[in-house]
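# Architecture at a glance
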Amino acid sequence: MHEIYKFVSGPLVWLAFIIFVGGSLYRLISMAILAKKKDGLVYEYFSLKYAFRSIYHWLIPFCSRNSQQHPWLTLVTFAFHVSLIFTPLFLLAHIILIKESWDISWWFLPEGMADFLTIVVIAGCVFLGIRRIVRPEVRYLTNTSDFIILALVGLPFITGFWSFHQWPGSTFMGILHIFSGEVLLVMIPFTRLSHMIFFPFTRGYIGSEFGAVRNVKDW
Amino acid sequence: MAESAEKMKTSKIIDKGIEEGAANLSSKKIEKVIHDVLQNETGARLKTYVETCIHCGLCSDACHFYLSHDKDPRYSPAGKVKQTIWKILKAKGKVDADFIKKACEIAFTECNLCRRCAMYCPFGIDVSYLISIVRRICFKLGVVPQYIADTAHSHASTLNQMWVKDDEWIDTLFWQEEEAADEIPNLRIPVEKQGADIFYSVIGPEPKFRSQLIYQAAVIMNTAGVNWTMPATPGWDNSDMCMYIGENEMMGRLKKAYFDTAMRLKVKRIVMGECGHAFRSIYDQGNRWLGWKMPPIPVIHAIEFYYELLKEGKIRVAKKYEKGVTFHDPCNIVRGRGLHEMARYVTKAFTREFIEMHPNREHNYCCCAGGGVINCGPPFKKKRVEGDRIKAEQLFAAKSRGAETIIAPCHNCHGGLEDIVHHYGLGMEIKFLGDIIYECMEKPESMGE
Ligand code: SF4
Ligand code: SF4
């Protein structure tokens, strides 16, 4: 068990981060090159001002008409995404590991808060999964990969919560936690999770078209 | 249940253009054409849109087809993409003629390319662009609904939408000039006037069916003392069904003839009549195909022109239009140009009672005629009108608050709304903004009265 732990918490972490960062860069750069070759207009019409205007209105909850029309979904997805990104970055346990390795550290979440945010992520996964089943318009678009992606996101949080609270089998859960976190990172550039890296560009492009060319809002 | 409905959907409507086009297809040809289009004409946008779509369904509520079909997911924007482009990509172009028929019907008659969904997708995925790719594939396969294909043929042979012959065009202008001169002596429709400030351009159906619009425009121009002209040559028509069937090459030819005409006449700018799709063609798509980032000569839509005239005091309000009016925001000049506030300014100046429909401005529901859908003709009329029940509800709500007249500054919207008003028995009247201005503006001394 210890050997496995050392492996997943040592070399595999490095590998996961390298693939995550390298893969994301690869996706972005290859897309940028493809756009240059085939969709030159994206560069022509891209306007930073209107791109940011659009991104801003779509990141802040209840700015867009669509987010006002689905208040519950807006609340859940907002809380879900914020917790998802925020929790791992400001978790005490993670910061301790980093301090041990590199002697740097930063502000961390109080314990109860971290627990709460973790539950938000898990509950968010459940909510979004159920939504995929019960809402016909979503079910129609859903395939197995969508559920796998939700599971991939949920797993590191479930296992992390489990091992942190020292429930039975917490050593195993700890290993699974690290491992699933690594899998998640690796998968981001290569699955629909890449919506995270492409969001600013798709949003920014349509924001530019609507704002700079068509003189109209897009939210 | 859903399965059998899905089967029924394609077999119900028979369109000659689709049927006969599909009869000529082989699987090899389909695969090659799809491959060519995807390989040579698409790239990062298609790839990113397909891979970034998280299947959340949030675009659904944007689409009037979806809302009008009791939220049937097959009519949601992403649902239509799923049935067409996702399948094509997944099968790597190995699809059969029946699939192409179905994809053609979806792309041509179940999406108005109105871009409302791009405002509802959190990622700004432009479904109208994806559907346009499907149309392009269908066009290259020769599978296009017959009526709109015929219109595109007219463009190709005459450079106008309605098979208007060159002399018929000039005759129409002279005829309208004569008619209008009865009302306003000395009124002129200056043809081929080099160096005029403005080239006034209209769409093919105006000389064909709605020549009184040319009359009214002439009255407005003369009253306002505008230095304007209209060409006597092909290149006068700004409409463009080639854009909508995916015949991009012909769209380019049309726009080239159009801008060349404006340059030949050495005008300062182009003002176009109250049409939406033509505006999209000139301002957004045709110019891009020709490599102009923006139109080579400033182009403004009638709404913006009326707004200018009114602001500058060149036209004045003589009386207010009596009936309650509501305003329908056409996609191509509102989501396509942001003219909604100017339109309201002019409308309110000329009318006594203005009643907003809801939603409005950039969020207005589509008329369901645009995007070439009405041009697919009678076989699809019932489907089109039923696909926009939500519009009837929206109009009815405005009517119940006192709106008797709908102002729609777009030809397609007119056609679509007329059918909706008729089908759902709404009993409302539809007018162009120019109709109202003509009726209510101060005119020079009239001879007739
Ligand atoms: S009709 Fe309009 S809202 Fe519906 S899918 Fe087409 S572009 Fe989107
Ligand atoms: S809203 Fe956007 S991401 Fe969601 S299903 Fe529709 S197109 Fe896809």
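Residues numbered from 1 in each chain as written. Chains lettered and ligands numbered in written order. Predicted model: local features only at pLDDT ≥ 70, side-chain atom pairs only at ≥ 80, totals over all residues. Heavy atoms only, no water.

Quick look at the overall build of chain B now. For chain B, the count of helices and strands is 22 helices and eight strands. In terms of overall size, chain B behaves like a compact globule, its C-alpha atoms giving a radius of gyration of 22 Å where 449 residues would be expected to give roughly 22 Å. With the C-alpha coordinates aligned to their principal axes, the bounding extent of chain B is approximately 70 × 50 × 35 Å. Buried positions account for 65% of the 449 residues belonging to chain B. Carbon and sulfur atoms make up 53% of the accessible area of chain B, which totals about 16,400 Å². Taking the 61 positively charged and 58 negatively charged side chains of chain B as two groups, their mean positions are separated by 6 Å. (Helix = DSSP H or I, 4+ residues; strand = E, 2+ residues; numbered from the N terminus. Rg over C-alpha atoms; globule rule 2.2 N^0.38 Å. Buried < 20%, exposed > 50% of the residue type's maximum accessible area, 1.4 Å probe, protein only. Areas by Shrake-Rupley, 256 points an atom, 1.4 Å probe, with all protein chains shown as cover. Lys, Arg positive; Asp, Glu negative; His and termini not counted. Charge placed at Lys NZ, Arg CZ, Asp CG, Glu CD.)

How big an interface is tends to be stated in terms of the accessible area lost upon association of its parts. Tallying the contact residues gives 53 residues for chain B and 44 residues for chain A. Of the roughly 4,300 Å² buried where chain B meets chain A, counting both sides, 55% is carbon and sulfur surface. Per-residue buried area on chain B facing chain A is highest for R45, H55 and R288 of chain B; these three make up 15% of the total on that side. R288 of chain B is the salt-bridge partner of E209 of chain A, the closest N and O atoms lying 2.7 Å from each other. Between chain B and chain A we count 28 residue pairs in polar contact (both at pLDDT 80 or more) in total. Sorting elements by how many residues they give to the side of chain B that touches chain A places helix α4 (residues 44–52) of chain B first, with seven residues. Residues of the side of chain B that touches chain A, tallied by class, amount to 22 nonpolar, 16 polar and 15 charged. (Contact = heavy atoms within 4.5 Å. Buried area = accessible area lost by both parts, 1.4 Å probe. Salt bridge = Lys/Arg side-chain N within 4 Å of Asp/Glu carboxyl O. Polar contact = N/O pair within 3.5 Å; in protein donor to acceptor, adjacent residues only side chain to side chain. Nonpolar A, V, L, I, M, F, W, Y, C, P; charged D, E, K, R; others polar.)

This brings us to the sheet that holds strand β2 (residues 228–229) of chain B. Residue and element names in this part refer to chain B. Taken in spatial order, the four strands of this open sheet run β2-β1-β3-β4, and their pairing is parallel. The sheet terminates laterally at β2 and β4 (299–301), the two strands that pair on one side only. Strand direction decides the pairing type here: strand β1 (residues 198–201) and strand β3 (residues 269–272), joined by four bridges, are parallel. Looking across to β3, one finds that S201 is bridged to M272. Along the sheet, helix α15 (residues 277–289) contacts β3 and β4; its crossing angle with β4, the most-contacted strand, is approximately 160 degrees. (Pairing = 2+ DSSP bridges. Axes fitted to C-alpha atoms, helices over the stretch in contact; angles between N-to-C directions.)

What follows is about the site of ligand 2. Every residue close to ligand 2 is listed here: L141 of chain A together with C53, I54, H55, C56, G57, L58, C59, A78, C121, P122 and F123 of chain B. Positioned at a junction of chains, ligand 2 has nearby residues supplied by chains A and B. Class assignment for the residues of the shell around ligand 2 results in ten nonpolar, two polar and no charged. (Near = heavy atom within 4 Å.)

A separate point is the confidence of the model for chain A. With 100% of its residues at a pLDDT of at least 70, chain A reaches an overall mean of 96. Element-level mean pLDDT values for chain A span from 88 in helix α1 (residues 2–9) of chain A up to 98 in helix α9 (residues 136–139) of chain A. (pLDDT = per-residue confidence, 0-100.)

Residue and element names in this part refer to chain B. Look at helix α3 (residues 27–41): 21 Å from first C-alpha to last across 15 residues, which is about the 21 Å you get at 1.5 Å a residue. Taken residue by residue, α3 has I30, V33, I34, V37 and L38 as its buried positions. In a view along the axis of α3, the buried residues occupy a sector of 120 degrees, so they form one face of it. The exposed residues of α3 that point more than 90 degrees off its buried face are K28, K32 and N40. Where α3 is buried, its residues meet α4, α6 (77–90), α7 (97–109) and α8 (127–140). (Expected span 1.5 Å × (residues − 1). Arc of directions from axis to C-beta.)

With that out of the way, let us pick up the environment of V13 of chain A. All names here are of chain A. The topology assignment puts V13 in helix α2 (residues 11–38). For the pair V13 and F179, spaced 166 residues apart in the sequence, the C-alpha separation amounts to 8.5 Å. With residues up to four places along the chain from it excluded, the contact list for V13 reads V8, I178 and E182.

Right, let's get into the pairing of β3 of chain B. All names here are of chain B. Sheet topology places β3 next to β4; three bridges connect them, and they run parallel. Counted as the bridge partner of I270 is V299 from β4. Handedness of the crossover joining β3 and β4 through α15 is recorded here as right-handed. (Right-handed = clockwise from strand over helix to strand, strands pointing away.)

Before going further, it helps to spend a moment on the pairing of strand β5 (residues 321–327) of chain B. All names here are of chain B. Along β5, five of the seven residues are buried, which leaves the element largely enclosed by surrounding structure. As paired strands, β5 and strand β6 (residues 351–354) are joined by three bridges and run parallel to one another. Paired with Y321 across the bridge in β6 is T351. Bridge analysis of β5 against strand β7 (residues 405–407) gives three bridges, and the strand direction is parallel.

Residues and elements named next belong to chain B. For chain B, the assigned domains read domain 1 (13–144), domain 2 (150–308) and domain 3 (316–440). For domain 1 versus domain 2, the separation of C-alpha centres amounts to 32 Å. For the domain 1 and domain 2 pair, buried surface summed over both sides reaches about 770 Å², with 43% attributable to carbon and sulfur atoms. The largest contributions to the domain 1 side of the interface with domain 2 come from R115, R136 and F139, which together make up 58% of the buried area. Seen at the junction of domain 1 and domain 2, the total is two salt bridges. A salt bridge links R115 to D284, with the nearest nitrogen and oxygen atoms 3.6 Å apart. Scanning the region where domain 1 abuts domain 2 turns up four residue pairs in polar contact (both at pLDDT 80 or more). No other element matches α8, which puts four residues into the side of domain 1 that touches domain 2. In terms of residue class, the side of domain 1 that touches domain 2 is made up of four nonpolar, one polar and three charged. (Domains from an automatic or database assignment.)

With that settled, consider the nonpolar core. All names here are of chain B. Core analysis: the largest hydrophobic core is formed by 92 residues, its most contacted members being I100, F108, L130, I133, L141 and I148. Per element, the largest residue contribution to this core is eight residues, and it comes from α8. Inspection of this core shows a minimum of three residues originating in each of domain 1 (13–144) and domain 2 (150–308). Setting aside its immediate chain neighbours within four residues, F108 contacts R135, C138, V143, V144, P145, I148, Y244, I245, V373 and C376. Core analysis: the next-biggest nonpolar cluster, separate from the first, contains 69 residues, I220, F279, I436 and M441 among them. (Core = buried A, V, L, I, M, F, W, Y, C linked by side-chain atoms within 4.5 Å.)

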